[in-house]
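Coordinates in review
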Amino acid sequence: MNRAEIVDKYRKYLYGVTTYYKEPLPFVRGEGKWLQDADGRRYLDFFGGIVTVALGHCEPRVVAALEKQARTLQHVSTLFPTIPIGELAEKLAEIFPGDKPAKCFFTNSGTEAIETAILTARVHTQRTEVVALRHGYHGRTMLSMSLTASGRPAAYIAEPIMGVGGFITPPKDYFPAVAEIVRRHEAVFIADEVQTGWGRTGRKWFGIEQSGVKPDVIVAAKSLGNGHPIGATVARAELADSFKGSTIATFGGNPVTMAVCRTVVDIIEKDRLADNAAVVGGHLRARLDGLGEKHAAIGEVRGMGLMQGVELVKDRKTKEPAPEAAAAVMESAKDHGLIIGKGGLYGNVLRISPPLTVTTEDADQAADVLDKAFGEAARV
Ligand code: PMP
């Protein structure tokens, strides 16, 4: 199928989807940090399918684990224990950043994992209110979209760095201060690690660990599966054990996904990718800060590790958002062979989240392209 045919089918038979760029960009192949489009052009992928492809595309060890499990046992549901589900749950309970022991519930997406976390908090506290943050994003269902309230809360939920919100990074003392208030109200502290988990913020497994706060529940998805559908809710056992009602996610914990995720976690650990995220992320950040000094459209560079955001503004003093400039930079970066993402309430924040495997040379290449793209966008 050629480019036009792929795009035509997408337009004709899908709804509710949006695409990046003036002309949708169909991809046909991925290998490591590279993507290939339908015309055979290669792109350096610095977005990783929305902060998901942590190990690069089609990582051979992940593909091998997937193939092996697909030939062994694919699906029985959680009504029956399997080897892969127990092994992944054991590993996640071991690296859980809160007080241990911990237990897991598996689903297929971040949204479902959030729902599970909220339900766990509600059952445990016997309360319903949930405090969430402006600019936060926790999913696409009615519940996850309505998370913001005040009163006597069952839970407080936050992303250590707000992903969709535009990589908004709170000051160091924010989470410790909030955690103290949450504890005082005997509410449940939920860290939404859907984007910030698995070493992305550097050195640590989870973003919340950067603040020293111990969460009661963490929610994970995206990078844990390196592109395979996964949602994981990991809760302190005391909370998990209040969850007496039995619920079923038919595909939650399916053996193939479990085997994939376990392999992903093992690779992140063995290849020390959280350390790499800190080193290469530090280098990338220095380069982006340099661009911030050079290009007037850059209002702020923010983030941690390999999760870096560049906010575009019309004026540095008023901070008026510049979504058109963000779109122009993205378009031009793509023309120069670099894929990045976009976010923020006003669509004016570039989101940079490459695989955790990238090198400082890759970061330099991306920064050089962005430098060019900012120059070109300023001339439009
Ligand atoms: N939480 C956060 C922080 C997210 O970024 C997202 C997805 N962008 C979700 C939850 C929902 O995940 P999913 O799209 O897998 O349902």
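One can find the structure itself at the top, above this paragraph.
Residues numbered from 1 in each chain as written. Predicted model: local features only at pLDDT ≥ 70, side-chain atom pairs only at ≥ 80, totals over all residues. Heavy atoms only, no water.

Attention shifts here to the layout of surface pockets. Over the atoms, a rolling probe the size of a water molecule traces out where space has been left empty. By volume, the largest pocket is sized at about 1,600 Å³. In terms of lining, the largest pocket is formed by 48 residues, of which the most central are Thr18, Tyr20, Phe47, Gly49 and Ile50. The set of elements that each furnish at least two residues to the lining of the largest pocket consists of helix H1 (3–13), helix H2 (48–51), helix H5 (110–125), helix H11 (323–335) and strand S13 (341–343). Per-element tally for the lining of the largest pocket: the top contributor is H5, with four residues. For the second largest pocket, the lining is made up of 18 residues, of which Lys103, Cys104, Phe105, Phe106 and Phe243 are closest to its centre. (1 Å grid on protein atoms, 1.4 Å probe; cavity = no way out; pocket = protein on both sides within 12 Å on 5 of 7 lines; lining within 4 Å. Points joined across faces, edges and corners; volume = space filled by probe spheres on them. Helix = DSSP H or I, 4+ residues; strand = E, 2+ residues; numbered from the N terminus.)

Moving on, we come to the site of the ligand. The local shell around the ligand consists of Ser109, Gly110, Thr111, Tyr137, His138, Gly139, Glu159, Val164, Asp192, Val194, Gln195 and Lys222. Contact distances for the ligand include 2.7 Å between a nitrogen atom and a side-chain N or O atom of Asp192. One of the side-chain N or O atoms of Gln195 is found 2.8 Å from an oxygen atom in the ligand. Look at the ligand: alone it shows 390 Å² of surface, and the protein chains cover 84% of it. With respect to the detected pockets, the ligand is housed in the largest pocket. The class makeup of the residues in the shell around the ligand is three nonpolar, six polar and three charged. (Near = heavy atom within 4 Å. Polar contact = N/O pair within 3.5 Å; in protein donor to acceptor, adjacent residues only side chain to side chain. Areas by Shrake-Rupley, 256 points an atom, 1.4 Å probe, with all protein chains shown as cover. Sits in = over half its atoms within 2 Å of the grid points. Nonpolar A, V, L, I, M, F, W, Y, C, P; charged D, E, K, R; others polar.)

A few words now on the nonpolar core. By size, the foremost hydrophobic cluster in this structure holds 78 residues, and its most contacted members are Leu92, Phe189, Trp198, Leu224, Leu338, Leu350 and Leu370. Not counting chain neighbours up to four residues away, the residues in contact with Leu92 comprise Cys104, Phe106, Trp198, Leu224, Ala232, Val234 and Val265. (Core = buried A, V, L, I, M, F, W, Y, C linked by side-chain atoms within 4.5 Å. Buried < 20%, exposed > 50% of the residue type's maximum accessible area, 1.4 Å probe, protein only. Contact = heavy atoms within 4.5 Å.)

Moving on to the side chain of Asp45. You can see Asp45 is positioned in strand S3 (residues 42–45). Buried and without a salt bridge, Asp45 has Arg200 as its closest oppositely charged side chain, separated by 9.3 Å. Only 3.0 Å separates the side chain of Asp45 from the backbone nitrogen of Phe47, close enough to count as a polar contact. If near-sequence neighbours (up to four positions away) are discounted, Asp45 is found in contact with Lys33, Leu35, His57, Ile339, Pro354 and Pro355. (Lys, Arg positive; Asp, Glu negative; His and termini not counted. Salt bridge = Lys/Arg side-chain N within 4 Å of Asp/Glu carboxyl O.)

Before going further, it helps to spend a moment on the pattern of salt bridges. Scanning the model with the defined rule gives 28 salt bridges in all. Among the ionic pairs, Arg61 bridges to Glu59, the shortest N-O distance being 2.9 Å. Assessed through its relative accessible area of 35%, Arg61 is described here as partly exposed. Put simply, Arg184 and Glu180 hold a salt bridge, and the shortest N to O gap is 3.2 Å. Taken together, the residues Arg184 and Glu180, both in helix H7 (residues 174–184) and four residues apart, mark about one turn of the helix. A relative accessible area of 55% means that Arg184 is categorised as exposed. Taking the relative accessible area as the measure of exposure, Glu180 reaches 43% and is therefore partly exposed. Several salt bridges share partner residues, and in doing so they unite Arg183, Asp216, Arg236 and Glu238 into one network.

At a closest axis distance of 8 Å, the pairing of helix H4 (residues 83–95) and helix H9 (residues 255–270) adopts a crossing angle of 35°. Here H4 runs over H9; the crossing is left-handed. Across from Pro84, Ile85, Glu87, Leu88, Lys91, Leu92 and Ile95 in H4, the residues of H9 making contact are Pro255, Met258, Ala259, Cys261, Arg262, Val265, Asp266 and Glu269. Across the contact of H4 with H9, the residue classes break down as ten nonpolar, no polar and five charged. (Axes fitted to C-alpha atoms, helices over the stretch in contact; angles between N-to-C directions. Left-handed = near helix turned anticlockwise from the far one by under 90°.)

As a further point, take the environment of Ala366. Note that Ala366 resides in helix H12 (residues 360–379). Through-space distance from the C-alpha of Ala366 to that of Val76 is 44 Å; in sequence the pair is 290 residues apart. When residues no more than four places from it in sequence are discounted, the contact partners of Ala366 are Leu44, Phe46 and Leu338.

The next subject is the state of the cysteines. By the definition in use, this model includes zero disulfides. Not engaged in a disulfide, the cysteine Cys58 finds its nearest cysteine sulfur in Cys261; these two sulfurs lie 16 Å apart. A disulfide-free cysteine, Cys261 has its sulfur positioned 11 Å from the sulfur of Cys104, the nearest such atom. (Disulfide = S-S within 2.5 Å.)

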